[in-house]
Amino acid sequence: MPLTGEYIPSTAEWARKQAEAFESSDGQRANTLRGVPIVVLTTVGAKTRALRKTALMRIEHEGRYVVVASAGGAPDEPKWAENMRRHPHVELQDGPDKRDYDARELSGDERAEWWERAAAVWPDYDEYQKRTDRRIALFLLEPRAR
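Residues numbered from 1 in each chain as written. Predicted model: local features only at pLDDT ≥ 70, side-chain atom pairs only at ≥ 80, totals over all residues. Heavy atoms only, no water.

**A short note on the overall build of the protein**
- Looking only at helices and strands, the protein features four helices and eight strands.
- In the protein, the order of α-helices and β-strands from amino to carboxyl end is α-β-β-β-β-β-α-β-β-α-α-β.
- Over its C-alpha trace the protein gives a radius of gyration of 14 Å, about what one expects of a compact globule, namely 15 Å for 146 residues.
- Its C-alpha atoms give the protein principal-axis dimensions of about 35 × 30 × 30 Å.
- Counting the 146 residues in the protein, one finds 47% classified as buried.
- Within the protein, residue pairs in contact and separated by at least 24 positions form 63% of the contacts whose partners lie at least 6 positions apart.
- With the model as given, the accessible surface of the protein reaches about 8100 Å², and the carbon-plus-sulfur share is 48%.
- Between the centroid of the 24 positive side chains of the protein and the centroid of its 25 negative side chains there is a distance of 4 Å. (Helix = DSSP H or I, 4+ residues; strand = E, 2+ residues; numbered from the N terminus. Rg over C-alpha atoms; globule rule 2.2 N^0.38 Å. Buried < 20%, exposed > 50% of the residue type's maximum accessible area, 1.4 Å probe, protein only. Contact = heavy atoms within 4.5 Å. Areas by Shrake-Rupley, 256 points an atom, 1.4 Å probe, with all protein chains shown as cover. Lys, Arg positive; Asp, Glu negative; His and termini not counted. Charge placed at Lys NZ, Arg CZ, Asp CG, Glu CD.)

What follows is the structure, given as structure tokens:
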């Protein structure tokens, strides 16, 4: 069941423009960052319950995706990470395909396995982890039962 509610655009203009251009073109425009494919994640705000959209690197394996709460190695993680902890039902658009997923935070060996996949797609993640004292959260998105 698709997410419903008021959409509140990102306050970061570049992020808002990329997510909106991607969605409005079914993934035909604004679909890469430095030549690497992206996806658009929709979460439910932890406090507002409004819909929030974020363009993130495309890290997919066997129909599952991982999203990396790196914020470029900033001291604080992105707000969407807490959104998913509180409301794990999310939507992900990969090209024209938009589906519902359940998100869960990874730990242990499973986290290590997905970190390797993420760093293979976007090697900057290793540098981002070195920049911050926090452990960068990874969330696995698994297709919701229909």
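**Focus: the pairing of strand 8 (residues 138–143)**
- In this structure, strand 5 (residues 64–68) lies alongside strand 8, joined through four bridges in antiparallel fashion. Bridge pairing in strand 8 places Tyr-65 opposite Leu-141.
- In terms of strand pairing, strand 7 (residues 97–105) meets strand 8 through five bridges, oriented antiparallel. Counterpart to Glu-105 in the pairing with strand 8 is Phe-139. (Pairing = 2+ DSSP bridges.)

**Structural notes on the packing of aromatic side chains**
- Inspection of the entire model under this criterion finds four aromatic pairs.
- With a centroid separation of 6.1 Å and 50° between ring planes, the pair formed by Trp-115 and Tyr-125 is classed as tilted. Taken together, the residues Trp-115 in helix 3 (residues 108–121) and Tyr-125 in helix 4 (residues 124–131) connect sequence positions ten residues apart.
- Overall, Trp-115 belongs to the buried group, its relative accessible area being 12%.
- Consider the rings of Tyr-125 and Tyr-128, whose centres lie 6.0 Å apart with planes at 80°: the pair is edge-to-face. In this pair, Tyr-125 and Tyr-128 both sit in helix 4, three residues apart, roughly one turn of the helix. (Phe/Tyr/Trp six-rings, centres within 6.5 Å; stacked < 30°, edge-to-face > 60°.)

**Quick word on the nonpolar core**
- Counting residues in hydrophobic clusters, the biggest one holds 21 residues, and the most contacted among them are Met-57, Ile-59, Val-68, Trp-114, Trp-115, Tyr-125 and Leu-138.
- When residues of this core are assigned to their parent elements, the largest contribution, four residues, is made by helix 3.
- With sequence-adjacent residues up to four places away left out, Ile-59 is seen in contact with Arg-64, Tyr-65, Val-66, Val-68, Trp-114, Arg-117, Ala-118, Val-121 and Tyr-125.
- By size, the runner-up hydrophobic cluster in this structure holds 16 residues, among which are Val-67, Tyr-101, Ala-137 and Leu-141. (Core = buried A, V, L, I, M, F, W, Y, C linked by side-chain atoms within 4.5 Å.)

**Considerations on the pairing of strand 2 (residues 36–44)**
- The element strand 2 is extensively covered by neighbouring structure, given that eight of its nine residues are classed as buried.
- Pairing of strand 1 (residues 32–33) with strand 2, which is carried by two bridges, proceeds in the antiparallel orientation. Following the sheet pairing, Leu-33 is matched in strand 2 by Val-36.
- What sits between strand 1 and strand 2 in their antiparallel hairpin is a turn of two residues, with Arg-34 showing a positive phi close to 50°.
- Where strand 2 meets strand 3 (residues 51–57), seven bridges bridge the pair, whose relative direction is antiparallel. Bridged to Thr-42 within strand 3 is Lys-53.
- As consecutive antiparallel partners, strand 2 and strand 3 are separated by six residues, and within that stretch Arg-49 has a phi angle of approximately 65°, a positive value.
- Pairing analysis gives three bridges linking strand 2 to strand 6 (residues 89–94), with the strands arranged antiparallel. In the sheet register, Leu-41 faces strand 6, and the bridge partner there is Leu-92.

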